[in-house]
Amino acid sequence: MGGDLGGGGINPGGLTGQCFLAVDRSGGPTNNNIYMLASVVPPGRNTTDVMFVRSTDGGLTFSAPHKVNDDPVNPNKWHWFGTFAVAPNGRLDAVWHDTRNAANNTDSQLFYSYSTDAGVTWAPNVAVSNPFNPFEGYPNQNKIGDYITIVSDNTGGNVAYSATFNFNPNRNQHEEDVYYVRVFPGGQGPSPTPTPTATPTPTATATVTPTPTATPTATPTATATATPTATPRPTPTPRTAPSPRGRPTPRPRP
């Protein structure tokens, strides 16, 4: 690959490149080609270049490494986090972080190039993002997340990458976020950089007061008034006829 995979430097606690492999499934003349691309540290350097190799015999042999970033060799410039994809029609799309335009040699931009001849030649490199400071927004480690990928279709590629465009006032620095950009031959640059979303201020959520539902008033059902039952009058006890009083027997007359 023309160098070694490395870490540190522009990404102190992390990697500066990984090796990506893809196979051509286009069904055309380049079908079954095997491709590899990586940001590597060339011999005698501390910084990285994006390098590409190709196999046309099932991986038995590979081509000599080809440098995809087309700026002059500069030991102070970084071309890091290189990755690529093969489109269904066989086109190769590559993206990476690049510091060629930075006076401080570290502010980075996303760059793009493509090849339509199996990687023999590559189109002029184009910046497809604004510059960002890779040293801000560190979470728990001193590195930017190596979140970068591209998925290609017949007309272009869809890229997700990490950057620090969004300023976080709570930390008084920019934060790491994942962004998306669409790249495509002839119309790739510079693509608009996603507009940073300000850190939202929590807004009190209004509590919805439920509208009371009227409870239907039950229509009173007339309760039948009980007809009083006549209380039977007591049967009078028959009065006992008085016994006749005895009259005294008169004395005989003389």
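It should be noted that the structure appears before, not after, this text.
Everything numeric here is computed off the predicted structure, so don't read it as measured data. (Residues numbered from 1 in each chain as written. Predicted model: local features only at pLDDT ≥ 70, side-chain atom pairs only at ≥ 80, totals over all residues. Heavy atoms only, no water.)

Peer 1: Can you help me understand the overall build of the chain in this one?
Peer 2: Along the backbone of the chain there are zero helices and 13 strands. Taken from N to C terminus, the helices and strands of the chain fall in the order β-β-β-β-β-β-β-β-β-β-β-β-β. When each of the 254 residues of the chain is scored for burial, the buried share is 39%. A fraction of 52% describes how many contacts in the chain between residues 6 or more apart in sequence connect residues 24 or more apart. (Helix = DSSP H or I, 4+ residues; strand = E, 2+ residues; numbered from the N terminus. Buried < 20%, exposed > 50% of the residue type's maximum accessible area, 1.4 Å probe, protein only. Contact = heavy atoms within 4.5 Å.)

Peer 1: How do you make sense of the side chain of Arg 100 when you look at a structure like this?
Peer 2: Here Arg 100 lies in the loop between strand E8 (92-98) and strand E9 (109-115). Side chain to side chain, Arg 100 and Asn 125 meet in a polar contact 2.8 Å long. Contacts of Arg 100, omitting those with residues within four sequence positions, involve Asn 69, Asp 70, Asp 71, Lys 77, His 79, Phe 111 and Asn 125. (Polar contact = N/O pair within 3.5 Å; in protein donor to acceptor, adjacent residues only side chain to side chain.)

Peer 1: Help me out: how do you make sense of the sheet that holds E9 in this one?
Peer 2: Within a sheet, adjacent strands bond to each other through the backbone by hydrogen bonds, running parallel or antiparallel. Ordered by their spatial adjacency, four strands build an open sheet running E7-E8-E9-E10, and the pairing between neighbours is antiparallel. A single partner strand is all that each edge strand has here, and the edge strands are strand E7 (79-86) and strand E10 (126-127). (Pairing = 2+ DSSP bridges.)

Peer 1: Help me out: how do you make sense of the sheet that holds strand E11 (residues 148-152) in this one?
Peer 2: Read from one edge to the other, the open sheet built from three strands follows the order E11-E12-E13, with strand pairing classed as antiparallel. With partners counted over all chains shown, the strands left at the sheet margins are E11 and strand E13 (173-183), one partner each. The mean angle between the axes of side-by-side strands here comes to 30 degrees, regardless of whether they run parallel or antiparallel. Relative to E13, strand E12 (residues 157-168) is paired through 10 bridges, and the arrangement is antiparallel. Directly across from Gly 157, in E13, lies its bridge partner Val 183. (Axes fitted to C-alpha atoms, helices over the stretch in contact; angles between N-to-C directions.)

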